[in-house]
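Listed here are the chains, written in short residue letters.
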Amino acid sequence: MKERDVIAVDGPGAAGKSVCAEVAKRLGYALLDSGAIYRTLTLLVLRSQIDPHDVESVARLIKCNLGCISFWNNQLIFSGQPVRDEIRTPQISALVHHIAKIPAVRKLVVPLQRSFGAEDRLDIIAEGRDIGSVIFPEARVKIFMTADPSIRALRRFDQYREKDPAYAGTLDQVRNELRARDMEDTTRPESPLIRLPEAVFIDSTFMTKQEVLDKMLQVCYMRVAV
Ligand code: C5P
C-alpha cells in the first residue's frame, strides 16, 4: 500500500503559512492547521472561566473535553460545530501560547494531529510550529517559513481590521502580541519552534501571496514527485 505523503510547514505567526490552504487545494491534499487546534482549546478554556494560568486545571479541562474535538471532511469540529473565525480573535491570540506551552496539553494534542486523515491514508499538508520536528518527523517535504517581524505585525493588524471594522487595537499592540508569542513558542522546553537543517527556508518578507504559493508548489512538486 502506498505511504501517504506529508508536507510539514512550520514557522511563526503571520509568516505566510495561510497559503498552505491553496497549496493543499492545488495538490488535492487535506490541510491540517494545527494552530487551530490550540486556538480551539484556548476558546474552551475561556468559555469555562477557569484561570487560564492554572496549569493543572487547564490540563484537566482539556483532557476531559478532548473528545469534543474532531475532524469531519477535513474540517475541524468543536462540540458538533465547524470551527471558524471565532478562534482568530486578538483575545485568543494573546492567550493561546500559554495554553500551548503546557506539556500535558501538548501530549494530548499529538495523537489527535497524527490521526488526521490517517484512517483514509490521506496525503496531507500540515502547518504549525512542531510539525516537522515532532508530529510528522518522517514528512518528505519540510518547509520553514518566516518573515520580518514588522511585516508580520502589519499583516496581522490588517487581518484584524479586515475581520472587524470596529477593531480598536494598535499596530504596536499587535507587534507586542506577536513578539510575546514568538518568544514563548521558540523558548518553551516542550517542542519549541525550530528551524530544522533539512527544511526548505522561505522568507516571505518581500514576497506576494502568489509568489509564496508558486515557491511552495515548486518545492512540493520537486520533492513530492512519485
Ligand atoms: O498558527 P497559529 O498562529 O494559529 O498558532 C497559534 C498558536 O498555537 C501558536 O502561537 C503556538 O503557541 C501554538 N501552536 C503550537 N504548535 C503548533 C501550532 C500552534 O504550539 N504546532
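Up top is the structure.
None of the values given here were measured: they were computed from a predicted structure. (Residues numbered from 1 in each chain as written. Predicted model: local features only at pLDDT ≥ 70, side-chain atom pairs only at ≥ 80, totals over all residues. Heavy atoms only, no water.)

**A closer look at the overall build of the protein**
Check the secondary structure of the protein and you find 9 helices and 8 strands. Here the C-alpha coordinates of the protein stretch approximately 50 × 40 × 30 Å along the principal axes. Looking at the 226 residues of the protein, the share that counts as buried comes to 49%. Long-range pairs, those at least 24 residues apart, make up 77% of the contacts in the protein between residues at least 6 apart in sequence. Surface accessibility of the protein: about 11600 Å² in total, with carbon and sulfur atoms responsible for 54%. Charge centroids of the protein, computed over 32 positive and 30 negative side chains, lie 1 Å from each other. (Helix = DSSP H or I, 4+ residues; strand = E, 2+ residues; numbered from the N terminus. Buried < 20%, exposed > 50% of the residue type's maximum accessible area, 1.4 Å probe, protein only. Contact = heavy atoms within 4.5 Å. Areas by Shrake-Rupley, 256 points an atom, 1.4 Å probe, with all protein chains shown as cover. Lys, Arg positive; Asp, Glu negative; His and termini not counted. Charge placed at Lys NZ, Arg CZ, Asp CG, Glu CD.)

**With respect to the site of the ligand**
Neighbouring residues of the ligand: 15 residues in total, closest R39, R106, D130, R181 and D185. A distance of 2.9 Å separates an oxygen atom of the ligand from a polar side-chain atom of R188. When the ligand sits alone it has 460 Å² of accessible area, and the protein chains cover 97% of it. Elements with a contribution of two residues or more to the shell around the ligand: α2 (34–48), α4 (90–100) and α8 (171–187). (Near = heavy atom within 4 Å. Polar contact = N/O pair within 3.5 Å; in protein donor to acceptor, adjacent residues only side chain to side chain.)

**Some points on the sheet that holds strand β4 (residues 75–78)**
The 3 strands are arranged β3-β4-β5 in an open sheet whose pairing can be described as antiparallel. Either end of the sheet is taken by a strand with one partner, and the two such strands are β3 (69–72) and β5 (81–82). (Pairing = 2+ DSSP bridges.)

**So, the pattern of salt bridges**
By the definition in use, this model includes 13 salt bridges. A salt bridge links K101 to E184; its shortest N-O distance comes to 3.6 Å. With a gap of 83 residues between them, K101 in the loop between α4 and α5 (103–114) and E184 in helix α8 connect regions that are remote in the sequence. Take K101: its relative accessible area is 32%, and that puts it in the partly exposed class. Linked through salt bridges whose partners overlap, the residues forming this network are E22, K25 and R26. (Salt bridge = Lys/Arg side-chain N within 4 Å of Asp/Glu carboxyl O.)

**Notes on empty space enclosed by the protein**
In the structure shown here, the tally under the stated rule is 1 cavity of 30 Å³ or more. Lining the largest cavity are A8, D10, G132, K142, I143, F144, I194, R195, L196 and A199. For the lining of the largest cavity, the secondary structure elements donating two or more residues are β1 (6–10) and β7 (141–146). (1 Å grid on protein atoms, 1.4 Å probe; cavity = no way out; pocket = protein on both sides within 12 Å on 5 of 7 lines; lining within 4 Å. Points joined across faces, edges and corners; volume = space filled by probe spheres on them.)

**Points about the nonpolar core**
Formed by 36 residues in total, the largest nonpolar core has its most connected members in I37, L41, V58, I62, V105, I124 and F136. When residues no more than four places from it in sequence are discounted, the contact partners of I124 are R4, D5, V6, I7, Y29, A30, F116 and F136. V23, A24, V200 and V212 belong to the second largest nonpolar core, which has 20 residues in total. (Core = buried A, V, L, I, M, F, W, Y, C linked by side-chain atoms within 4.5 Å.)

**Observations regarding the packing of helix α7 (residues 149–163) against α8**
Running from amino to carboxyl end, α7 crosses α8 at an angle of 120 degrees, the nearest separation of the two axes being 9 Å. When the interaxial angle is binned, α7 and α8 end up oblique. Considering how the two elements wind past one another, α7 and α8 form a crossing that is right-handed. Residues R152, A153, L154, R156, F157 and Y160 of α7 form the contact with α8, whose participating residues are L171, V174, R175, E177, L178, R181 and D182. Taken together, the residues of the contact of α7 with α8 sort by class into 7 nonpolar, no polar and 6 charged. (Axes fitted to C-alpha atoms, helices over the stretch in contact; angles between N-to-C directions. Parallel < 35°, antiparallel > 145°, perpendicular 65-115°, else oblique. Left-handed = near helix turned anticlockwise from the far one by under 90°. Nonpolar A, V, L, I, M, F, W, Y, C, P; charged D, E, K, R; others polar.)

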